[in-house]
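# Breakdown of the fold
Chain by chain, the residues:
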Number of protein chains: 2
Amino acid sequence: MQNWKITLSYDGTLFHGWQVQPGLRTVQGELQAALGRVVGEAPLPQGSGRTDAGVHALGQVASFSLAAAIPAANLLRALNRTLPSSIRILAASVADPVFHARHSAVAKTYEYRIFRGEGCSPFLAPYIHVSDWHLEVARMRRAAADVVGEHDFLSLAASDPDLASRSDVIPSSRDSSSAIRTIYASDWVEPADGRLIYRVRGNGFLHHMVRNLVGTMIEIGRGQFAEDSMPRILQAKSRAAAGPTVPARGLFLCSVEYPQADY
Amino acid sequence: MQNWKITLSYDGTLFHGWQVQPGLRTVQGELQAALGRVVGEAPLPQGSGRTDAGVHALGQVASFSLAAAIPAANLLRALNRTLPSSIRILAASVADPVFHARHSAVAKTYEYRIFRGEGCSPFLAPYIHVSDWHLEVARMRRAAADVVGEHDFLSLAASDPDLASRSDVIPSSRDSSSAIRTIYASDWVEPADGRLIYRVRGNGFLHHMVRNLVGTMIEIGRGQFAEDSMPRILQAKSRAAAGPTVPARGLFLCSVEYPQADY
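Note that this is a predicted model, so its numbers are computed, not measured. (Residues numbered from 1 in each chain as written. Chains lettered and ligands numbered in written order. Predicted model: local features only at pLDDT ≥ 70, side-chain atom pairs only at ≥ 80, totals over all residues. Heavy atoms only, no water.)

## Here we look at the interface of chain A and chain B
For clarity, the threshold we go by: Contacts are residue-level and defined by heavy atoms, with any inter-residue pair within 4.5 Å sufficient. Accessible surface is computed with a 1.4 Å probe, and the buried area is the amount of it that two parts give up when combined, taken over both parts together. Should a side-chain nitrogen of Lys or Arg be within 4 Å of a carboxyl oxygen of Asp or Glu, the pair is scored as a salt bridge.
Taken together, the contact pairs 21 residues of chain A with 21 residues of chain B. When chain A packs against chain B, close to 1500 Å² is buried across both sides, 61% of that on carbon and sulfur atoms. Considering only the surface of chain A that becomes buried against chain B, Glu-118, Pro-122 and Phe-123 of chain A emerge as the three largest contributors, covering 41% of it. The interface formed by chain A and chain B holds 4 salt bridges in total.

Encoded structure:
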C-alpha cells in the first residue's frame, strides 16, 4: 500500500460540501468514484477538513492509500480526465506512511471575498458575497487584529450540538472538544478591483468560524457593533454575542500547511 | 409608452439560452418576469439576437416598451434587486421610439475563449473551452484574417432547416435568407495568462457561425486542415466543408453597436 497526498481546487457551487452523503453530490464522493474508475480501488479520501456546501477550495489537501503502484503524474492526469471540470487535482505525490491530511495539518489559510455595492458581474457572483452596507475598513482591520493569538472561539462557532466533530485541524495534543485555536494572521485587504478580502491563517478553525468572524466584522464595519467589541465577544463564549453567518459562496479554503515538506 | 434600451450581462451556464421557452429557465423569460414584478407590466424584451444555451453575454442589448414612467436609475436598480445574480443590468435608458435591439443593430462583437492543456481552474472551466490539441496560432491567425470582408457564410452556419429565423442582426436592406455577412475584424489574441482568445466583429452572424468558425480554425491550427483552406471552405457553401461546432461555454457576446449614440 502507498499513502497518497493530493492537493485540489474545487468550485463549491455545485456540491453539497466536501463530506460524502448518500444521494448527494459531494467533492469527497466524486473523488472516491474517480479513484474507482482510474485505479479500480475506491478508498474514501480524507480531507484536511470538511468544507460546507457552497464553500470553494483553491488548495484543499486529501490523503488516501492505494495498493496499485501508479506514477504520480499518471494518477494526476487520469483523475483530471475523469473528474468533473469543477474539481481539479493540482498535485499528487506519494507521502510518508503516517501522513494524514487532517491529523498532520498544522495551519490553514482561508479567504472571504466581499463585493461592495451594486452591479456585481454575473461571472463573479457565485464566488463572492455582495454587501450593500457602507463598511469602514479601518474598524474591520482593528477587529481582525483583535483575533490574532490564542483565544477561545466558542462565540464564533456554529451552535451545533456536535461542535467537536465539525471542527477541523484539531491539534492532536489538545482536547478535541476545546474551542481554543491560535490565529497567526488575520487582516482585510482591498485589491485595486474594489473587492474587500479577509485573509486568516490559523492552526485550526471551528465549524462556521470564518463565516461568523466575517459576519461579526461586517457588523463592526457598518457601526452596529463597537470598534473594540471583538475582545468582549470572544470573552462572552456565546454564539449570541457575535454577528450573523455570512453566505458560503464568498469563502475559499486557500491552503493547508504541514510540518514537513516531504509529507 | 416609452421605449427602453437596456444593456445586460449574463452567465449562460444556468439558462436554456436567451429565448423564452415554456417550462425552461431563459434570460428573456427571467427579464420579462422581473419587469412584471418591478413595473407591473411584462412586455417581452427583444434581444439583439438569441444566444444559445450556455452562451454568455458581457453586453447583450434588449428593448421593450413600458407605459409606466420610471426614472432610468430606479428601473436599473430595481431590476438588479429582483433578478438572479447570474443576470446583471449594466445600463438602462429611454430610447428613440423607433429603436429596436435587433433591427437597429449594425455590428456585434463576439469572443471565444480557449484554455490550452491540462489543469484548467474549476473557476474558469464554465467560461472556457479546454483544448488538448497543439495549436499553431500563426495558422489560426491567417485563417481568421481570411474571413474579414463580405462573404457567404453558409458553410459556417448551423444546418438548421430554419436558417433565416435563427440568424441575428440581419440588415433590413438584405434578404433575410441570405448567408452573406460582413466581418470587420477577426483575430486571435494570446493574453499573458496563456489563454487563446478569438475576437470577431461583424454586421451579423448566422446561427452557430462563431462556434463553427472556431471549430474550423482549431482544425487548421492543429494541422487537420491546410493553412489556406478557409477561402475554399467558404466557397463550398456546405456545412460539411467546415470543422465541428465548439462548445457554447467558451462563447461571449461582448457588445452590440447601433448607428446613433442616443439610440
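Read on for the rest.
## What about the side chain of Ser-63 of chain A?
Residues and elements named next belong to chain A. Operational definition: Working definition: helices are DSSP H or I runs of at least four residues, strands are E runs of at least two. Numbering for both runs from the N terminus. Definition of a polar contact: a pair of N or O atoms within 3.5 Å, with one able to donate and the other able to accept a hydrogen when the atoms are protein atoms, and with sequence-neighbouring residues admitted only if both atoms are side-chain atoms.
Among the secondary structure elements, Ser-63 is positioned in strand 3 (residues 56-66). Polar side-chain contacts of Ser-63 include one of 2.9 Å to the backbone nitrogen of Ala-101. With sequence-adjacent residues up to four places away left out, Ser-63 is seen in contact with Asn-3, Trp-4, Leu-44, Pro-45, Gln-46, Phe-99, His-100 and Ala-101.

## Some details on the pattern of salt bridges
To keep things clear, this is the line we draw: To sort residues, take the accessible area from a 1.4 Å probe on protein chains only and compare it with the maximum for the residue type: under 20% means buried, over 50% means exposed, and anything in between is partly exposed.
Under the defined criterion, the tally for this structure stands at 24 salt bridges over all chains. Across the pair Arg-195 of chain A and Asp-193 of chain A runs a salt bridge whose closest N-O atoms are separated by 2.8 Å. The exposure class assigned to Asp-193 of chain A is partly exposed, which follows from its relative accessible area of 48%. Shared partners join several salt bridges into a network, and the residues in it are Arg-77 and Arg-81 of chain A together with Glu-118 of chain B.

## With respect to the relation of the copies chain A and chain B
Both copies of the chain are related by one operation, a rotation about an axis with a shift along it. Where we set the bar: Least squares is used to superpose the copies, and the fit set is the C-alpha atoms of residues whose pLDDT is at least 70 in both copies.
If you rotate chain A by 180° and push it 0.0 Å along the axis, it lands on chain B with an RMSD of 0.0 Å. Put plainly, the chains are arranged around a two-fold axis. Of the C-alpha atoms belonging to chain A, the one lying closest to the rotation axis is found on Phe-123 of chain A, 4.7 Å away. In this assembly the copies share their binding face: 100% of the residues contributing to the interface of chain A also contribute to that of chain B.

Geometry only, nothing functional implied.
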